[in-house]
Amino acid sequence: MKVVALTGGIGGAKLALGFAKALPAQDTAFIVNTGDDFEHLGLHISPDIDTLVYTLAGQAGLVAGWGRRGETWQFMAALEELGGETWFRLGDKDLALHVMRKQLLAGGATLTAATAAIAKRLGIATTVLPMSDDPVRTVVQTPTGALAFQHYFVRDRCAPPVTGFAFAGSETARVNPRIEAALDPAPDAIVICPSNPFVSVDPILSVPGLRELLRACGAPIVAVSPIVGGRAIKGPTAKMMRELAIPTTAEAVAEHYGDILDGFIVDEQDASAADAVRSLGLATRVAQTVMQSLDDRTELARTTLDFAASLRKGVATGRG
Ligand code: FO1
């Protein structure tokens with residue numbers, strides 16, 4: 001089985017680890033959101049790439065879910081003394097990765113090449129692909145104006161009500177050519193991980209041509225709901241849905257993804273949503289999607305692949 005999975009943020013990284021444990025490395029490729037990226041302190045920060053590579057390397061911070069475990073904060077303390085910006089916390093070990101990435105990019109490397117070099121040094125054998133090597137930046141629209149993503153997410157702690165999103169640079173961004181290679185030959189499954197649909201998945205799908213590439217390759221496309229029992233397991237997904245007057249339900253997420261999907265997996269707590277999802281023309285599967293242990297991650301990965309396989313056998317997918 002070969003999988004290509006779209007991921008961003010902490011929820012997505014959990015399932016990504018499940019795939020990395022369930023499949024051989026050469027059969028596993030991740031398309032990662034770079035809409036959260038920003039230039040900060042002269043560094044190029046790529047939070048969703050870093051959350052994924054630290055998770056795959058077993059180095060992710062267990063509490064917050066971002067940054068590295070076992071961190072020290074001498075750099076932040078010294079920066080504070082100098083009056084530098086410390087609202088975005090960079091641990092001492094994490095800092096080394098950002099400095100290395102900046103050095104590679106300054107030397108002319110693409111974000112893909114820099115990511116591959118870093119992933120290799122962290123012992124990661126799976127393929128980690130930024131959605132594009134061109135800059136795409138998520139902008140959060142609020143009643144009092146637009147916010148850069150990290151200002152919304154970290155500096156303002158997701159407090160401002162959202163009215164919409166924009167992905168600056170997406171008009172001219174090119175799909176990472178390595179993604180085209182990963183889709184040819186077609187994988188057995190394309191999976192949209194349980195990430196935030198608005199600020200982790202939509203930026204990926206905003207890259208011109210990527211949505212069409214995913215659909216054209218013929219692999220079944222399935223998503224795992226990031227909403228369980230009306231709540232997001234982590235992060236502002238449900239809050240954003242409420243602010244956008246979208247019901248905080250699993251089926252509302254399926255509807256949001258629209259016709260790119262063939263199948264949608266809902267948690268056992270939302271089994272009652274299965275009919276509503278089917279009425280969207282989607283195949284659906286009820287499973288445990290809440291991932292606490294490593295086994296949960298691997299089990300959900302296997303369930304997702306099995307579900308996609310059942311769709312690949314030509315079962316009516318309801319896809320237009
Ligand atoms: N999130 C926070 O809430 N506070 C932080 O200080 C913070 C620092 C940080 C440093 C590196 C990194 O890769 C991620 C970091 N994040 C922090 C998380 C980050 O903002 C989010 O993970 C993504 O942008 C949204 O998924």
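Residues numbered from 1 in each chain as written. Predicted model: local features only at pLDDT ≥ 70, side-chain atom pairs only at ≥ 80, totals over all residues. Heavy atoms only, no water.

### Brief notes about the packing of helix H1 (residues 9–22) against helix H2 (residues 47–56)
Then comes step 1: At a minimum axis distance of 9 Å, the contact between H1 and H2 shows a crossing angle of 35°. As for how H1 packs across H2, the hand of that crossing is right-handed. Across from Gly 9, Ile 10, Ala 13, Ala 16, Leu 17 and Ala 20 in H1, the residues of H2 making contact are Asp 48, Thr 51, Leu 52, Thr 55 and Leu 56.
Then comes step 2: For the contact of H1 with H2, a count of residues per class yields seven nonpolar, three polar and one charged. (Axes fitted to C-alpha atoms, helices over the stretch in contact; angles between N-to-C directions. Helix = DSSP H or I, 4+ residues; strand = E, 2+ residues; numbered from the N terminus. Left-handed = near helix turned anticlockwise from the far one by under 90°. Contact = heavy atoms within 4.5 Å. Nonpolar A, V, L, I, M, F, W, Y, C, P; charged D, E, K, R; others polar.)

### A closer look at the site of the ligand
Then comes step 1: Near the ligand you find 14 residues, and of these Asp 36, Asp 48, Trp 66, Arg 89 and Gln 150 are the closest.
Then comes step 2: The separation between an oxygen atom of the ligand and a polar side-chain atom of Asp 48 is 3.2 Å.
Then comes step 3: When the ligand sits alone it has 530 Å² of accessible area, and the protein chains cover 91% of it.
Then comes step 4: Placement of the ligand is best described as lying within the largest pocket.
Then comes step 5: Those elements that provide at least two residues to the shell around the ligand are H2 and helix H6 (149–155).
Then comes step 6: Among the elements that take part in the shell around the ligand, H6 stands out by supplying four residues, more than any other. (Near = heavy atom within 4 Å. Polar contact = N/O pair within 3.5 Å; in protein donor to acceptor, adjacent residues only side chain to side chain. Areas by Shrake-Rupley, 256 points an atom, 1.4 Å probe, with all protein chains shown as cover. 1 Å grid on protein atoms, 1.4 Å probe; cavity = no way out; pocket = protein on both sides within 12 Å on 5 of 7 lines; lining within 4 Å. Sits in = over half its atoms within 2 Å of the grid points.)

### Some points on unusual backbone geometry
Then comes step 1: Pro 185 follows Asp 184 through a cis peptide bond whose omega is 5°.
Then comes step 2: Structurally, Pro 185 can be placed in the loop between helix H7 (177–182) and strand E9 (189–192).
Then comes step 3: Here the phi dihedral of Leu 41 falls at roughly 55°; this positive angle occurs in a residue that is not glycine.
Then comes step 4: Of note, Leu 41 is situated in the loop between strand E3 (38–40) and strand E4 (43–45).

### Digging into the packing of helix H8 (residues 197–205) against helix H11 (residues 250–257)
Then comes step 1: In the contact formed by H8 and H11, the axes pass within 12 Å of each other and the chain directions differ by 25°. Accordingly, the angle class assigned to the pair H8 and H11 is roughly parallel. The crossing of H8 and H11 is right-handed. Each of Pro 197, Phe 198, Val 201 and Asp 202 in H8 lies in contact with H11, whose residues at this interface are Val 253, His 256 and Tyr 257. (Parallel < 35°, antiparallel > 145°, perpendicular 65-115°, else oblique.)

### A few points about the sheet that holds strand E6 (residues 137–142)
Strand pairing in a sheet is mediated by backbone hydrogen bonds. Such pairs are either parallel or antiparallel.
Then comes step 1: A sheet is described by the order of its strands in space; here three strands give the open sequence E7-E6-E8, paired in antiparallel fashion. Pairing within the sheet leaves two strands with one partner each, and these edge strands are strand E7 (145–148) and strand E8 (164–168). Strand-to-strand twist across the sheet, computed as the mean angle between neighbouring axes with direction ignored, equals 30°.
Then comes step 2: Pairing between E6 and E8: five bridges, direction antiparallel. In the sheet register, Val 139 faces E8, and the bridge partner there is Ala 166.
Then comes step 3: Along the sheet face, H8 touches E6 and E8 and points at about 35° away from the line of E8. (Pairing = 2+ DSSP bridges.)

### Here's the deal with the confidence of the model for the protein
Then comes step 1: Here the protein averages 96 in pLDDT, and 98% of its residues register 70 or above.
Then comes step 2: Confidence drops under pLDDT 50 across residues 316–320; counting only partners more than four residues distant or on other chains, this segment forms 13 contacts. (pLDDT = per-residue confidence, 0-100.)

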